[in-house]
Structures are given as structure tokens and as C-alpha cells.
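What follows is each chain in one-letter form.
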Amino acid sequence: AKAAGEGTFARYDPTMHSGLVDRLQLAADLRRALDNKDELELHYQPTIELRSGTIIGFEALVRWRHPVRGMISPADFIPLAESTGLIRPLGQWVLAEASRQCVEWGAYDPDRVLTMAVNVSGRQFDQPDLPAIVAGVLADTGLPAERLCLEMTESVLMTDTEENLAVLLSLKEIGVKLAIDDFGTGYSSLAYLRRFPVDTLKIDRSFVERIGGATPDAALARTIVQLGQSLGMATVAEGIEQYAQFLALRRMGCDLAQGYYFSRPLPAEEAGALLRDPAAL
Ligand code: C2E
Ligand code: CA
Ligand code: CA
Ligand code: CA
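What comes next is a walk through the structure.

Thresholds applied
Residues numbered from 1 in each chain as written. Chains lettered and ligands numbered in written order. Predicted model: local features only at pLDDT ≥ 70, side-chain atom pairs only at ≥ 80, totals over all residues. Heavy atoms only, no water. Helix = DSSP H or I, 4+ residues; strand = E, 2+ residues; numbered from the N terminus. Contact = heavy atoms within 4.5 Å. Donors = N, O, S within 2.8 Å, 3.2 Å for Na, K, Ca; no water. Buried < 20%, exposed > 50% of the residue type's maximum accessible area, 1.4 Å probe, protein only. Salt bridge = Lys/Arg side-chain N within 4 Å of Asp/Glu carboxyl O. Expected span 1.5 Å × (residues − 1). Near = heavy atom within 4 Å. Polar contact = N/O pair within 3.5 Å; in protein donor to acceptor, adjacent residues only side chain to side chain. Areas by Shrake-Rupley, 256 points an atom, 1.4 Å probe, with all protein chains shown as cover. Arc of directions from axis to C-beta. Pairing = 2+ DSSP bridges.

Once that is clear, we can look at the environment of Leu157. Position of Leu157 among the secondary structure elements: in helix H7 (residues 154-158). The sequence separation of Leu157 and Tyr243 amounts to 86 residues, and the corresponding C-alpha distance is 33 Å. Aside from chain neighbours lying at most four places away, what touches Leu157 is Met152, Leu168, Ile180, Tyr192, Phe196 and Val198.

Rendered as C-alpha cells:
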């Protein structure tokens, strides 16, 4: 089942049909999917502590099983959700479902502190009530705030800066963790790291990919880890596929990692099984 869900996305091809009509149809389909939710699900990719090799949490990644088109990649339908405003109900559903799942898994072993990372679109930060929505989800599910990590891209910190800063400060007040996703791929200015209350830097997969070769990537990855260390932020390496990459990042002092080397994103049931039997990792 591991192989079936992933890597088999139907690429959404705008030239396949007359572009606009097709987009409108897909948007209508997404609206319907959000009404009954049975086509939407979350898959969970474990986050591994490099020092110990243990699972410390998961990242929730949304999946859409379209009745006709098959599995559609979030890389294709998230932009559509953003341009139609559907990202708000979608994002709220993801937050609630991922938080509920984290609480359910926490019950397996009360001594184990599991974290749940959720991707939050820049369009969701445009809602001044995002902190209220997050607080509501925490209250409804009983997930302790510090176990929820919201991942955002650098663009959130670079646009509508004052508004977004206010939202991020309210979120910190609630107690959730904040991570910068795809770190290093956005804008070159690092000045925003001084102003924004960020807990975690996620090193983009592109720096991890060629870490062993004769490229500057290893130096860049090391620099991001050191930047995180000197700013008191945790670092997560994304997209580890090989043992050599795992070793290199651990040697650099990177705290956490994700990637196919450990596990692909898994349906909830399989992710839960990994938790109960970590030897399966
Ligand atoms: P992301 O947040 O950077 O997530 C990491 C992506 O890399 C995921 O793709 C994951 O399946 C993939 N990945 C993980 N490990 C490896 C690896 O070792 N090698 C390779 N080649 N890929 C790996 P996915 O699930 O297709 O998601 C794509 C993007 O869609 C995400 O990138 C994120 O930006 C967005 N996305 C996914 N779920 C959500 C969501 O619930 N809300 C929002 N706003 N965006 C989401
Ligand atoms: Ca992410
Ligand atoms: Ca990422
Ligand atoms: Ca990425």
C-alpha cells in the first residue's frame, strides 16, 4: 500500500481541456470535496530525531482522491484552492484533522510527546482570525499548543509584513511552534529572522539532494544548521533519501529530518503502525 498512494499523482494538465473551463470544473469539484470530505485525506510523514533515530512527530500532507482524475497532487490543487479562497475551509479542515490525529496517537503512549506539523498557506495568514481558528482547534481537540507546529514559506514573512507579524505574534502567544518551510529557496534577506518569532528552519530538499557531491550544497546546508544553532532554532532536513545524506546531516548537527530514506508520507493507519512498531521504520 505504501507505493500505491505516492508517486502516482495524475498530473493536472491545463492543456488537456480548455484551460478556464477545466479550472472552473476542478474548483467546483474541490468545493464539493470540501462539503463531504470523503475524497480528502491526510497522509503523515514521520519526523526523525537524527541523534536517536526515533520518531518525534509527523507532518500532515493533504491528499485529494478525485473520483475521475484519481489522486491529484497538492502541488496542483493547493494553488487552485488559494486562488479560489477554498484554502481557508481546506486549511481549517487540515488543522483540525491533523490535531485530532495527534491526540489519538498520543493516547498510545502518554510518555511520548508527539508533535504535528501542518502547512499553512500565505492566504491563510491573510485572515486576521487565523489565531482564533487555531485556538479553537486546540480547544476542540485538546492538543497542547506546543505540540502543533505551523509551517509557512518565507513569502509570509516578506509580504504584508506588519499584518503577518501581528498574526504570528498572536500565534506565539497561544503557544504553537512556527517553522519556515523550504528555507533557503525564498528571498535572500535574512533580516526578517530577527523580527519574526520562528522556532524551526526546514532545510529545503534541494540542498540535501547533492550533499555528497562536489557542489556547494553541503556548505549551504551546514551554514543553515549553524544559523539555526546560533539563533536558537531547531533545524529539520527535508527530503533525505540516502544513508549518506542522513550521516552527513547528523554530523553537521542538524536536529531533525524527514525523507523517503525513513518513510514516505503514509495513510493514518500505516503511520500509526510505525509508531507502535518503530522497528518497522
Ligand atoms: P512541502 O511542505 O515542502 O512538503 C514536502 C513534500 O516533499 C511532500 O510532497 C512530500 O511528500 C515530499 N517528500 C518528502 N520526502 C521526500 C523525499 O525524500 N524525496 C522527495 N522527492 N520528496 C519528498 P507533497 O505531499 O506532494 O506536497 C507538496 C507540497 O504541497 C508541500 O510541500 C506543501 O507546500 C503543499 N501542501 C501539502 N499539504 C498541504 C496542506 O495541507 N496545506 C497547504 N497549504 N499546503 C500543503
Ligand atoms: Ca512543509
Ligand atoms: Ca518543505
Ligand atoms: Ca518543498
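This next bit is on the coordination of the calcium ion (ligand 2). Metal coordination angles in their ideal form are 109.5 degrees for the four-donor tetrahedron and 90 or 180 degrees for the six-donor octahedron. Binding of the calcium ion (ligand 2) to the protein goes through Glu59 (OE), Asn119 (OD1), Glu151 (OE) and Asp181 (OD), at separations of 2.2 to 2.4 Å. In primary-sequence terms, the residues that donate to the calcium ion (ligand 2) follow E-x59-N-x31-E-x29-D. If you look at the calcium ion (ligand 2) and the calcium ion (ligand 3), they sit 3.9 Å from each other and are both ligated by Asp181. Taken together, the residues Glu151 in strand S5 (residues 148-152) and Asp181 in strand S6 (residues 177-183) connect sequence positions 30 residues apart. Note on accessibility: Glu151 and Asp181 belong to one class, buried.

Here the focus is unusual backbone geometry. Notably, Asp160 is not glycine yet its phi reads approximately 45°, a positive angle. Residue placement: Asp160 occurs in the loop between H7 and helix H8 (161-174). At Asp182, a position not held by glycine, the phi torsion is positive, near 50°. Along the polypeptide, Asp182 turns up in strand S6.

Using the criterion set out here, one finds 13 salt bridges in the structure. Close ionic contact of Asp22 with Arg69 constitutes a salt bridge, the shortest N to O distance being 2.8 Å. With a gap of 47 residues between them, Asp22 in helix H2 (residues 19-36) and Arg69 in the loop between strand S2 (55-66) and strand S3 (70-72) connect regions that are remote in the sequence. For Asp199, the salt bridge is made with Lys172, and the minimal N-O distance between the two is 2.7 Å.

Next up on the list: the coordination of the calcium ion (ligand 3). Surrounding the calcium ion (ligand 3) are the protein donor atoms Asp181 (OD), Asp182 (OD), Glu238 (OE) and Glu238 (OE), which sit 1.8 to 2.9 Å from the metal. Each donor residue of the calcium ion (ligand 3) belongs to the same chain, with the gaps between them written as D-D-x55-E. Exposure remark for Asp182: the relative accessible area of 27% places this residue in the partly exposed category.

Along its 14 residues, H8 runs 20 Å from first to last C-alpha, staying within 8% of the 20 Å computed at 1.5 Å per residue. The elements touched by buried residues of H8 are helix H5 (122-125), helix H6 (130-141), S5, H7, S6 and helix H9 (192-195).

All right, on to the site of ligand 1 then. Neighbouring ligand 1 are 20 residues; Arg63, Asn119, Asp181, Glu241 and Tyr260 lie closest to it. Within the side chain of Asp181, an N or O atom sits 3.0 Å from an oxygen atom of ligand 1. When isolated, ligand 1 has an accessible area of 800 Å², and the protein chains bury 82% of it. Counting only elements with at least two residues in the shell around ligand 1, the list comes to S2, helix H3 (74-84) and S6. In terms of residue count, the dominant contributor to the shell around ligand 1 is S2 (4 residues).

Our focus in this paragraph is helix H12 (residues 243-252). Listed as buried for H12 are Gln245, Phe246, Ala248, Leu249 and Met252. Buried residues of H12, viewed axially, fall in a sector of 165°; they line one side. Along its buried surface, H12 packs onto helix H10 (205-209), helix H11 (217-231) and strand S8 (234-237). Just downstream of H12, Gly253 is the residue with a positive phi angle, here 95°.

With respect to the helices, strands and loops of the structure, Lys202 is situated in strand S7 (residues 200-203). Polar contacts involving the side chain of Lys202 include one to the side chain of Glu59, which spans 2.9 Å. Once you skip the residues sitting within four places of it in the chain, Lys202 turns out to touch Glu59, Glu151, Ile180, Asp181, Asp182, Phe183, Val236, Glu238 and Gln258.

Time to look at the pairing of S2. A large share of S2 lies buried, amounting to 10 of its 12 residues. In terms of strand pairing, strand S1 (residues 40-49) meets S2 through 9 bridges, oriented antiparallel. From the neighbouring strand, Gln45 faces S2, where its bridge partner is Glu59. The loop that links S1 with its antiparallel partner S2 comprises 5 residues; one of these, Gly53, has a positive phi angle of about 75°. By the bridge criterion, 4 bridges tie S2 to strand S4 (residues 115-119) in an arrangement that is parallel. Among the inter-strand pairings, Gly57 is bridged to a residue of S4, identified as Thr115.

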